[in-house]
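# Structural features, examined
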Amino acid sequence: MAEQTLAPGASVEESQPAAVVEVKLTRRSRIEKWAFLIPALLFQLSWGWYPLIVAFLLSMTDARPRGPISWTGFQSYTRVWADPLVGSAFRVTLIYAALSIVLTFLIPIIVAILLMEMKPRVMRWMMVLWFLPLSGVASTIMWRYVYNTDFGFFQWIAMDVLGLPRQGFLTSADQVLFWLIFPGILMFGPGLIYMAGLQSIPQSYYEAAEIEGAGLWRKIWTISLPRLRPIIVMMLTFAIIGSLQVFDWPKLMTEGGPGGASRTVVMYMFDLLNSLRYSDATALAIFLFILIMAITITYRILFKEDPDA
Amino acid sequence: MSLFPKVGRNQPGLRVTWTLVVAVLCFGIFLHLIPFYFMIVTSLKSAPEIMRIPPTLIPENPTFAAWQLVFQVSVGSTILRQPLSQYFLNSCLMAFGTLALSLPITSFAAYANSKLQRGRGARWTFLFFIGTLMVPAAVTLIPTFLLTRNFPFPVPTVPNIPGTEIEFPVIRTWNTAWAVIIPGVFSAFNFLLFKGFFDTIPNSIIQAARVDGGSEFNIFRRIVLPMSIPVFAVAAYLQFSGVWDSFMWPLLVIQDSARSPMSVAIYNLINVFMSSGTMRPQASLATNEQIRQLQEAGLSWNGLVVLGILQTIPIFIMFIVSRNYLLKGVKIRGLK
Amino acid sequence: MSSNHAGMSRRDFLKTLGISGAGAAMFAAGLPAFASKESAASFTPRAQNANVTLQLANYPYTVPPAQAPEGGYTAQQQAFLAWMEQNPNVRIEAVEAPIWGTGELRTLITGGTAPSFFHPGVLALWTIEGKHVVFNQGLLADLSAQFEEFGLEAQFSDAVRAAAVEWEVGGARFGLPEGVTPGNGIFFRRDIFEEAGIEPLTVDSTWDEIAEKALALTNEGRLGMGTQWWGVEWMLASEGFGKAGLFNYLPTPENGWNWRFDYTSNPEMIAATERYRRMIHQDRSLGSNYGDWDLLGQFFNGTMAIVTVPLQYFTQTDDIGPGALAAQLGRPLDEVVGAIPHPRGSNGHFSPEGRPGVSVFSVNPDYDEATKSAAVSLYQYMALGEGFVTQRQIAYEQTGNLQRVFSPYPFVGTAQSIEGVDGTPVDAWGQQYIDLVNYATTTAEGYPMRGLFFPPELDLGPTESAWGDATSLFRDESGDLDVLATYQTAQDIRNTQAEAFSSVIPDDQFIAAAQAYYQANAEYWQANFPDFYENTYRPWFEQVITPRLGM
């Protein structure tokens with residue numbers, strides 16, 4: 001198979017000194033590097049950053065939808081900064097993000113690794129059933145029913161099966177974040193991505209490890225996870241960014257309640273947008289942007305890409 | 001396949017572990033199937049039975065009325081202005097149009113960032129590409145919308161070229177499929193996905209090809225691409241379902257129902273229905289008339305669930321198709 | 001390919017109708033009647049002379065498709081077609097547009113691509129003051145000239161005119177009334193009350209009494225009462241409380257933002273809240289996490305005996321409305337469904353929720369006068385004029401069901417009967433409902449709505465989030481909860497937020513408006529609810545308001 005994929009004769013020509021090759025390639029690939037990058041750079045600039053910069057400029061104005069716009073400087077920023085609900089929204093968001101990454105990030109990786117263990121036929125089916133595309137509406141209705149404090153499935157488990165006192169679930173300010181994250185432990189994970197990554201680990205690695213007498217966990221620990229590492233790093237980047245911006249799931253499930261215990265920053269931003277306070281909402285979004293950017297950069301510094309990948 | 005040893009599977013310890021793994025996987029599958037069961041059963045219930053609390057697990061009088069109704073409605077009525085096939089084609093145009101532009105452009109950029117750039121340049125390019133993910137999309141909604149009207153001017157009316165009566169030339173994508181496709185051409189999420197995957201490819205493989213004098217594009221096409229079929233399959237599937245399911249943005253930028261995607265037709269209905277009664281009396285009065293129109297056509301939760309199922313079917317098909325590619329992983333790496 | 005019927009000739013038009021079957025044949029026969037009525041119309045819309053385009057996003061009317069649908073055009077679409085016949089210069093387009101999301105609609109308006117009609121409440125948190133602010137920001141077309149041109153006000157029913165605050169501000173008109181509810185109120189299952197041997201609710205029932213009955217009606221498979229997720233506001237409003245209730249929203253002209261919140265000074269507010277919490281968490285007789293539609297469904301299924309709804313739902317003709325319920329039980333409507341207006345407070349206060357509510361739609365602010373006239377002409381025809389009548393005539397001929405004719409009822413216009421329809425609203429819905437309509441209209445006459453007195457602001461002010469947090473705690477927190485402290489938190493947050501806003505109204509103008517407002521209050525309460533005036537309103541006014549306004 002390898003012979004088919006590699007260009008014929010793609011073997012190293014030993015006669016050429018390595019240093020010369022390096023220099024020659026750098027000059028040539030510099031042009032190609034830009035050819036690879038430029039289309040994406042242009043699109044990202046014009047449809048990604050440009051609207052964002054416009055939004056940022058608008059946040060320095062009163063951003064009236066019609067008629068003349070007047071410059072207000074940092075008024076929106078000071079107003080949002082002074083809003084007591086903003087602080088609590090940031091607190092909720094950070095707890096939610098931390099909790100959801102701790103509880104849900106590893107599971108899809110493990111599931112993907114385990115699914116790859118099944119016999120090919122079985123795996124094909126299990127994979128379909130596990131990652132079936134799910135309608136958001138249906139799952140919302142279902143989970144709302146499951147969590148219902150009067151006749152929900154979980155209340156039945158808590159009271160009739162476990163004999164516990166009545167539980168609050170989503171209606172308890174202390175537990176609401178946990179129960180919001182709970183469905184994500186087994187569902188909605190990006191396991192497919194890890195399965196794609198696992199495809200490219202050569203069988204021979206495992207065979208070699210087996211000869212050395214490595215057990216199940218050792219193989220996962222020394223082969224699967226290290227080979228997946230770059231993908232895990234990227235998915236964790238996304239998980240951090242995504243979980244700090246979460247809003248639709250808590251919005252649908254709890255509307256931010258009870259008592260604001262599940263109101264995230266982006267949810268509050270929508271509250272501001274719905275009050276026609278576009279510039280305040282943008283100011284809040286910029287604060288969030290700064291926070292996410294800081295966390296992402298810190299994380300990238302802490303987890304450098306595998307140097308020998 | 002690879003973690004459990006080929007020989008000695010009958011060891012008691014291994015067998016227990018194996019059974020446990022299978023049990024966990026089956027339990028997860030069971031949980032995943034509940035919403036689907038729930039959807040299908042709901043589509044077979046009558047309107048009053050849907051309101052029952054707690055819900056009935058098995059429909060008391062299974063009926064295909066909702067399914068029949070949806071197909072009648074889709075043949076021609078006020079609710080769907082175009083034949084379903086029209087919406088379907090529009091959705092296909094948008095989804096495949098986005099994929100055709102986005103996958104190459106995004107993967108090229110990720111490849112360059114992963115394999116061709118080094119050091120500080122690579123880090124800043126990376127942040128440039130994913131930085132926009134860090135801002136909630138709702139904030140850039142208005143500027144982006146204005147850009148579909150008159151690119152590159154984020155204002156409703158185009159200014160004149162100074163000193164003349166002539167307007168600046170602008171690109172107008174509003175009310176065309178381009179307005180959906182172009183903002184999605186660069187996908188920051190897919191960028192992360194591709195970058196993660198390309199990072200796993202050992203530099204030595206690429207270096208070997210370079211030494212042979214292959215151009216970077218040829219290396220990408222002949223070496224990297226074949227190894228990357230699984231990740232392309234995943235990226236294509238995720239982006240396809242994203243575009244197929246998105247309805248707010250198409251609804252904003254496409255006014256003409258003949259160009260609207262399926263999701264707009266379906267979610268319009270669902271949205272009207274879902275939003276009713278979750279708001280104040282003022283709102284319920286206003287949406288009342290809307291719901292009356294739907295109800296007069298006989299549409300209720302069961303009909304909406306049918307629509308939801310129909311909406312999911314293309315995504316499901318795409319999932320099955322991409323699964324086959326996903327599992328074609330080329331075990332190329334052992335060569336070295 | 002938007003449907004455009006403007007170019008359709010009369011022959012094409014009849015042909016289209018011909019395809020559509022029985023209902024259309026009847027309609028075609030009625031066409032000459034329209035033609036003769038044309039001259040009798042009391043106005044000549046300017047639109048007839050101007051080529052203008054209207055774009056409808058399925059709201060408030062569905063544009064009839066060019067091809068008649070299989071089941072034929074609906075009654076409403078047939079009326080719409082007749083209007084298009086009369087106004088060949090107006091091009092009608094059916095468009096797709098997200099007019100029910102705040103951010104989306106605002107985006108459309110900013111980009112100049114909003115459809116002709118949308119609901120101002122979407123932009124304005126569904127509050128009256130909000131709509132005034134939105135109008136002041138220029139997001140809604142000023143329809144004053146068109147109100148004049150079409151003589152609209154004279155065509156409105158009393159209830160609509162009593163709720164003028166919903167469609168006018170500072171003498172300018174911004175809304176076209178499309179629906180009226182005779183206030184918010186309560187439905188109860190008379191059959192279930194009867195079965196349980198409980199006296200039915202009456203107009204004089206208080207919340208204490210309702211709570212008691214809800215508890216008695218609760219059993220294994222049934223909740224005594226159901227209400228919306230914001231349910232506590234029902235009970236607060238009866239006493240004059242709420243997020244910006246009469247007693248909770250205090251003028252402070254010396255501040256930048258002219259209003260402050262007070263949620264803690266009224267023990268009655270705490271008591272009403274504790275009763276709400278007791279019903280949910282102790283009695284378990286109240287479910288408070290439902291949408292209107294769920295409530296109607298539960299009511300239909302008999303799993304809730306009492307529900308809080310906009311009373312107009314009484315005239316709902318779908319398969320879970322009161323009419324459908326009576327039909328299913330095979331009993332007269334009046335024996336199955338009872339309805340009472342929003343209960344009065346223990347202090348005798350009459351709640352603003354009990355006055356008629358009017359739902360309006362607004363017009364794209366970018367339109368010129370000719371286009372606005374075309375839009376209002378369509379509205380006038382469909383909601384008040386000939387189209388309104390023919391829709392109901394068609395519905396009657398198709399179904400023979402009076403409930404279909406008088407749905408929704410009350411009507412926006414003055415008409416109370418339909419030519420060619422043998423029957424009255426009383427025949428359709430019973431005396432009980434008609435009494436409710438009358439009660440709401442007469443009691444609300446002269447009710448001083450705040451929005452009538454104060455000029456509109458440019459900002460909506462503090463978000464409602466903090467208030468929502470308090471009410472969600474009341475609803476959800478089943479353990480011990482310090483109600484007063486919860487209110488204190490909400491009050492502190494909202495007042496802190498208010499510091500960051502400034503008013504566009506000059507102080508002297510604000511004080512004058514406030515004086516007029518409280519004066520009108522005094523007059524209204526003294527004339528209609530003297531006990532409340534003497535025992536509650538006057539002492540409060542003297543202690544709280546007088547010093548604030550320096551009166």
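Residues numbered from 1 in each chain as written. Chains lettered and ligands numbered in written order. Predicted model: local features only at pLDDT ≥ 70, side-chain atom pairs only at ≥ 80, totals over all residues. Heavy atoms only, no water.

### Structural notes on the overall build of chain C
Let me state the cut-off plainly: Helix and strand definitions here come from DSSP, where helices need a minimum of 4 consecutive H or I residues and strands a minimum of 2 consecutive E residues; each element is numbered from the N-terminal end. Whether a residue is buried, partly exposed or exposed follows from its accessible area with a 1.4 Å probe, protein chains only, as a fraction of its type maximum: under 20%, in between, or over 50%, in that order. A 1.4 Å probe and the Shrake-Rupley method give the accessible areas. Residues count as covered only by the protein chains that appear here.
Secondary structure assignment for chain C yields 26 helices and 14 strands. In chain C, buried positions account for 65% of the 551 residues. When the accessible area of chain C is evaluated, it comes to approximately 18700 Å², of which 48% is carbon and sulfur surface.

### As for the packing of helix H25 (residues 507–528) of chain C against helix H26 (residues 530–549) of chain C
All names here are of chain C. Put simply, the rule is: Fitting a line to C-alpha atoms yields each axis, with helices limited to the stretch in contact; the angle taken between N-to-C directions then spans 0 to 180 degrees. Under this scheme an angle from 65 to 115 degrees is roughly perpendicular, one under 35 degrees roughly parallel, and one over 145 degrees roughly antiparallel; angles in between are oblique. By definition, any crossing whose near helix is turned counterclockwise from its far helix by less than a right angle is left-handed, and any crossing with a clockwise turn is right-handed. Note on contacts: a residue pair is in contact if any heavy atoms of the two residues lie within 4.5 Å.
Where H25 contacts H26, the two axes come as close as 9 Å, and the packing angle between them is 165°. Classified by the angle their axes make, H25 and H26 are roughly antiparallel. Considering only the axes of H25 and H26, their crossing is left-handed. Residues Ile511, Ala514, Gln515, Tyr518, Asn521, Ala522, Trp525, Gln526 and Asn528 of H25 lie in contact with H26, whose contacting residues are Pro530, Phe532, Tyr533, Tyr537, Trp540, Phe541, Ile545 and Leu549.

### Points about helix H11 (residues 229–245) of chain B
Applicable threshold: To estimate how far a helix should reach, multiply one less than its number of residues by 1.5 Å.
Between its first and last C-alpha, H11(B) extends 24 Å over 17 residues, near the 24 Å set by a 1.5 Å rise per residue. The buried fraction of H11(B) amounts to 13 of the 17 residues, a majority that puts the element mostly inside the structure.

### Notes on the packing of helix H13 (residues 216–244) of chain A against helix H8 (residues 188–200) of chain B
The condition that has to hold: When residues are grouped by polarity, Ala, Val, Leu, Ile, Met, Phe, Trp, Tyr, Cys and Pro land in nonpolar, Asp, Glu, Lys and Arg in charged, and all others, Gly among them, in polar.
Where H13(A) contacts H8(B), the two axes come as close as 7 Å, and the packing angle between them is 160°. Taken together, the axes of H13(A) and H8(B) are roughly antiparallel relative to one another. The way H13(A) lies across H8(B) gives a crossing that is right-handed. Residues Arg227(A), Pro230(A), Ile231(A), Met234(A), Met235(A), Thr237(A) and Phe238(A) of H13(A) touch H8(B), and the partners they reach there are Phe189(B), Leu192(B), Leu193(B), Lys195(B), Gly196(B), Phe197(B), Asp199(B) and Thr200(B). Tallied by class, residues from the contact of H13(A) with H8(B) come to nine nonpolar, three polar and three charged.

### A few points about the sheet that holds strand S14 (residues 357–363) of chain C
Residue and element names in this part refer to chain C. Cut-off, in case you're wondering: In this scheme, strands are said to pair when DSSP sees at least two bridges between them.
The three strands lie next to each other as S3-S14-S6, forming an open sheet whose pairing is antiparallel. On the outer flanks of this sheet lie strand S3 (117–118) and strand S6 (176–181), each paired with one strand and no other. Of the strand pairs in this sheet, S3 and S14 are connected by two bridges, and their pairing is antiparallel. Pairing of phenylalanine 118 across the sheet is with serine 362, part of S14.

### Here we look at the interface of chain B and chain A
Which entries qualify depends on this criterion: By definition, the buried area sums, over both parts, the 1.4 Å-probe accessible area that each loses when the two are put together. What counts as a salt bridge is simple: a side-chain nitrogen of Lys or Arg found within 4 Å of a carboxyl oxygen of Asp or Glu. We call two N or O atoms a polar contact when they sit within 3.5 Å, provided that within protein one can donate a hydrogen and the other can accept it, with sequence-adjacent residues counted only if both atoms are side-chain atoms.
At the junction of the two partners, chain B supplies 114 residues and chain A supplies 108 residues. Between chain B and chain A, roughly 10500 Å² of surface is buried when both sides are summed, and carbon and sulfur atoms account for 77% of that area. Linking chain B to chain A there are zero salt bridges. The interface formed by chain B and chain A holds 13 residue pairs in polar contact (both at pLDDT 80 or more) in total. Here the side of chain B that touches chain A takes 18 residues from helix H1 (residues 12–43) of chain B, the largest share from any one element. In terms of residue class, the side of chain B that touches chain A is built from 79 nonpolar, 23 polar and twelve charged.

### Overview of the side chain of Thr463(C)
Mapped onto the secondary structure, Thr463(C) falls in the loop between helix H22 (450–453) and helix H23 (465–476). At 3.3 Å, the side chain of Thr463(C) forms a polar contact with the side chain of Ser465(C). The contact partners of Thr463(C), leaving out residues within four places of it in the chain, are Leu85(A), Tyr268(A), Asp271(A), Leu272(A), Ser275(A), Arg277(A), Arg494(C) and Gln497(C).

### Some thoughts on the nonpolar core
Residues and elements named next belong to chain C. This is how the line gets drawn: To qualify as a nonpolar core, a set must consist of buried Ala, Val, Leu, Ile, Met, Phe, Trp, Tyr and Cys residues joined through side-chain atoms within 4.5 Å.
Counting residues in hydrophobic clusters, the biggest one holds 223 residues, and the most contacted among them are Leu54, Phe80, Leu176 and Tyr379. What leucine 176 contacts, discounting residues up to four positions off in sequence, is Phe117, Leu143, Phe147, Leu152, Ser359, Val360, Phe361, Val363, Val376 and Tyr379. Core analysis: the next-biggest nonpolar cluster, separate from the first, contains 67 residues, Ile198, Ala272, Phe350 and Ala514 among them.

### Some details on unusual backbone geometry
Residue and element names in this part refer to chain C. With an omega of 0°, the peptide bond between tyrosine 59 and proline 60 qualifies as cis. Following the sequence through the fold, proline 60 ends up in the loop between strand S1 (52–56) and helix H3 (75–86). Phi is positive for arginine 284, close to 55°, though the residue is something other than glycine. Within the fold, arginine 284 resides in the loop between helix H13 (267–282) and strand S11 (286–290).

### Some points on the sheet that holds strand S12 (residues 304–310) of chain C
Residues and elements named next belong to chain C. Read from one edge to the other, the open sheet built from five strands follows the order S11-S8-S12-S7-S13, with strand pairing classed as mixed. Of all strands in the sheet, those bounded by a partner on one side alone are S11 and strand S13 (337–341). Sheet twist, expressed as the mean angle between neighbouring strand axes with direction ignored, is 25°. Relative to S13, strand S7 (residues 184–189) is paired through five bridges, and the arrangement is antiparallel. Across the sheet, residue phenylalanine 188 finds its bridge partner in S13, namely glycine 338.

### Digging into the pattern of salt bridges
Charged atoms that come close allow side chains of opposite charge to pair. Throughout the structure, instances matching the rule amount to 30 salt bridges over all chains. The closest approach of N and O atoms between Arg475(C) and Asp476(C), which form a salt bridge, is 2.9 Å. Asp476(C) sits in the buried class, given a relative accessible area of 7%. Measuring nitrogen to oxygen at the nearest pair gives 3.9 Å for the salt bridge that ties Glu542(C) to Arg538(C). Note that Glu542(C) and Arg538(C) are positioned in helix H26 at a spacing of four residues, about one turn of the helix. Its relative accessible area of 46% is what places Glu542(C) among the partly exposed residues. Bridged by salt links that share partners, the residues Arg79(A), Arg277(A) and Asp280(A) form one connected network.

### Section: the environment of Ile166(B)
With respect to the secondary-structure elements, Ile166(B) resides in the loop between helix H6 (137–149) and helix H7 (178–181). Leave out the neighbours within four places in its chain, and Ile166(B) touches Asn160(B) and Ile161(B).

### Thoughts on the confidence of the model for chain C
Should pLDDT be low for a region, the predicted coordinates there are not to be read in detail. The criterion, for reference: Confidence of the predictor at the level of single residues is given by pLDDT, which spans 0 to 100.
Overall, the predicted model of chain C reaches an average pLDDT of 86, with 91% of residues at or above 70. In this model residues 1–47 of chain C is a low-confidence stretch, pLDDT under 50, and it forms 75 contacts with partners more than four residues away in sequence or in other chains.

### Observations regarding the pairing of S13(C)
Most of S13(C) sits out of view: five of its five residues are buried. Burial along S13(C) is two-sided: Val337(C), Ala339(C) and Pro341(C) facing one way and Gly338(C) and Ile340(C) facing the other are all buried.

### As for the packing of aromatic side chains
Any aromatic ring pair is given by two values, namely how distant the centres are and how the planes are angled relative to each other. Note the following rule: Any Phe, Tyr or Trp ring, taking Trp's six-membered ring, that has another such ring centre within 6.5 Å forms a pair; planes under 30 degrees apart are called stacked, those over 60 apart edge-to-face, and the others tilted. Working rule: Lys NZ or Arg CZ, within 6 Å of ring centre, within 35 degrees of ring normal, means a charge sits over the ring.
Inspection of the entire model under this criterion finds 94 aromatic pairs over all chains. With centroids separated by 5.2 Å and ring planes inclined at 45°, the aromatic side chains of Tyr237(B) and Phe319(B) adopt a geometry described as tilted. With a gap of 82 residues between them, Tyr237(B) in helix H11 and Phe319(B) in helix H15 (residues 301–326) connect regions that are remote in the sequence. The pair formed by Tyr237(B) and Phe319(B) is uniform in burial state, with each residue classed as buried. In this arrangement the basic side chain of Arg189(C) is found over the ring face of Phe299(C), its NZ or CZ atom lying 5.9 Å from the centre. Here the guanidinium or amino end of Arg494(C) rests over the ring plane of Phe261(C), the centre of that ring lying 4.2 Å away.

### A look at the confidence of the model for chain B
Residue and element names in this part refer to chain B. For chain B, per-residue confidence averages 82 on the pLDDT scale, and 81% of positions sit at 70 or higher. The secondary structure element of chain B with the lowest average pLDDT is helix H14 (residues 281–296), at 57, and the one with the highest is H7, at 94. Across residues 276–281, where pLDDT falls below 50, the model places 20 contacts with residues more than four positions away in sequence or in other chains. Confidence drops under a pLDDT of 50 for residues 330–336, and excluding neighbours within four residues, the segment shows 21 contacts in the predicted structure.

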